[in-house]
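Coordinate analysis (summary)
If you want the building blocks of each chain, they are given just below.
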Amino acid sequence: MEFTAKQIAEFIGGKVEGNEQAAVNTFAKIEEGQPGAISFLSNPKYTHYLYDTKSTIVLVNEDLELEQPVSTTLIRVKNAYEAVARLLQLYESMKPRKTGIDPLAFVSPKATIGSDVYIGAFACIGDGAVVGDGTQVYPHVVIGDGVKIGRQCLLYPNVTIYQGCQLGNSVTIHAGSVIGADGFGFAPNVEGYEKIPQIGIVVIEDNVEIGANTCIDRSTMGQTIIHRGVKLDNLIQVAHNCEIGENTVMSAQVGVAGSTKVGSWCMFGGQVGLAGHITVGDHVNLGAQSGVPSSLKANQTLIGTPPMEPTPYFKSQAIFRRLPDMYKELSALRKEIEELKNNTK
């Protein structure tokens, strides 16, 4: 299906510069542009590609100043990255959705399956499970007994949802993720470690997306809660009894230890680690590989272990690199001081 620059601009609230009837039917990165494709430019590092890209249309920020003429048609918008996200969502929504239950799937007769649901080959739906309207369950997904899944969810292959867990509407879980495995609870005794049964559940609210091979553990008692709008990357560990606030995002390999509460609208870079039983306030941004041993107040941008503000952190890192030379200088000064002391005796 083709769309003209005029149609696209009307949909995203942009302004066309060039041929309003220029038509596109696919997407391409600006550096790999091709005729019939639409690209976008939001990072200034890629501006030089704009002048020779072969893409028919390019989305740009409205404040972009051209340094030379362009052959492509431009659509100026307030935020090119947000605009292309809207277009990609539209493109994705136009793809045909699978429906029906594959004959090789197992669905318990005690399960409740909504309308327009797809269940792929070798998926397993347990006793008392509920799958909402329009949800898609890809091959080899396991939905345990008593699990409740809302409307328009998308579970990619090999997702496992343990018994009793609950998903809201429009939840996406990517391949290999495990929701509701036991929390890491063991009580030491003279013979080793005695397992503490994990009898709680995981609750995931609406519009959450969870990346591939991410694990969210069930609570010891009560609930591990992922609130609405949260986005988790691949290979993230959220331990038992944690609570992740609305619209918080976490990059790959973040680890959140047990009973920690994270506020709303937080942003964590890759490999951030949070200790257990702490609270992180709303609007906290943590740089990659930050280690958080204690609670953090709201509205901060921090980096490092323990976390500190970016400016003193980078100054400290600059000093750290000079420590070997500084140690040599200190040793030489000590030697000189000792010689001076000996000469004055």
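Refer to the structure above for everything that follows.
A brief report on the enclosed structure follows. (Residues numbered from 1 in each chain as written. Predicted model: local features only at pLDDT ≥ 70, side-chain atom pairs only at ≥ 80, totals over all residues. Heavy atoms only, no water.)

Quick look at the pattern of salt bridges
Which entries qualify depends on this criterion: Note on definitions: salt bridges are taken to be side-chain nitrogens of Lys or Arg within 4 Å of carboxyl oxygens of Asp or Glu. Strands are runs of DSSP state E lasting at least two residues, helices are runs of H or I lasting at least four, and both sets are numbered from the N terminus onward. Think of it in three bands: with a 1.4 Å probe and only protein chains considered, a residue is buried below 20% of the maximum accessible area for its type, exposed above 50%, and partly exposed in between.
A complete count under the given rule lists six salt bridges for this structure. Among the salt bridges present, the one from Arg 76 reaches Glu 17, with a minimum N-O distance of 2.5 Å. Note that Arg 76 is positioned in strand β7 (residues 73-77) and Glu 17 in strand β2 (residues 15-17), a separation of 59 residues in sequence. Among the residues examined, Glu 17 registers a relative accessible area of 31% and is labelled partly exposed.

Quick word on a negative patch on the surface
Selection criterion: Patch membership requires more than 30% relative accessible area and the absence of a salt bridge. Residues of like charge join within 9 Å; the nonpolar side chains Val, Leu, Ile, Met, Phe, Trp and Tyr join within 5 Å. The method behind every accessible area is Shrake-Rupley, applied with a 1.4 Å probe, and residues are considered shielded solely by the protein chains displayed. Lys and Arg are tallied as positive, Asp and Glu as negative. Neither His nor the chain termini are counted. One atom stands in for each charge, and that atom is NZ of Lys, CZ of Arg, CG of Asp or CD of Glu.
Where like charges cluster on the molecular surface, the negative patch consists of Glu 62, Asp 63, Glu 65 and Glu 67. Looking at the secondary structure, you find Glu 62 in the loop between β6 (57-61) and β7.

Regarding the packing of aromatic side chains
We apply this condition: The aromatic pairing rule takes the rings of Phe, Tyr and Trp, using the six-membered ring of Trp, and pairs them if the centres are within 6.5 Å, calling planes under 30 degrees apart stacked, those over 60 edge-to-face and the rest tilted. As a reminder, the over-ring test applies to NZ of lysine and CZ of arginine, requiring each to be within 6 Å of the ring centre and within 35 degrees of the ring normal.
One pass over the full model with this rule turns up seven aromatic pairs. With 5.2 Å between their ring centres and 70 degrees between their planes, Phe 184 and Phe 186 make a pair best called edge-to-face. By relative accessible area, Phe 184 is classed as exposed at 71%. The ring of Phe 11 carries the charged tip of Arg 86 above its face, separated from the ring centre by 4.8 Å.

Here we look at the packing of helix α1 (residues 5-12) against helix α2 (residues 80-93)
Just so we agree on the cut-off: With axes taken as lines fitted to C-alpha atoms, and helix axes fitted only over the stretch in contact, angles between N-to-C directions fall between 0 and 180 degrees. Here is the rule for angles: anything less than 35 degrees is roughly parallel, anything more than 145 is roughly antiparallel, 65 through 115 is roughly perpendicular, and the remaining ranges are oblique. Here a residue-residue contact requires only that any non-hydrogen atoms of the pair lie within 4.5 Å. Only Asp, Glu, Lys and Arg are considered charged, only Ala, Val, Leu, Ile, Met, Phe, Trp, Tyr, Cys and Pro nonpolar, and every remaining residue, Gly among them, polar.
Where α1 meets α2, the closest approach of the two axes is 10 Å, and the angle between their N-to-C directions is 105 degrees. Relative to α2, the element α1 lies roughly perpendicular. When α1 is examined against α2, the residues Ile 8, Phe 11 and Ile 12 are found in contact with a partner set consisting of Ala 83, Arg 86, Leu 87 and Leu 90. Of the residues contributing to the contact of α1 with α2, the split by class is six nonpolar, no polar and one charged.

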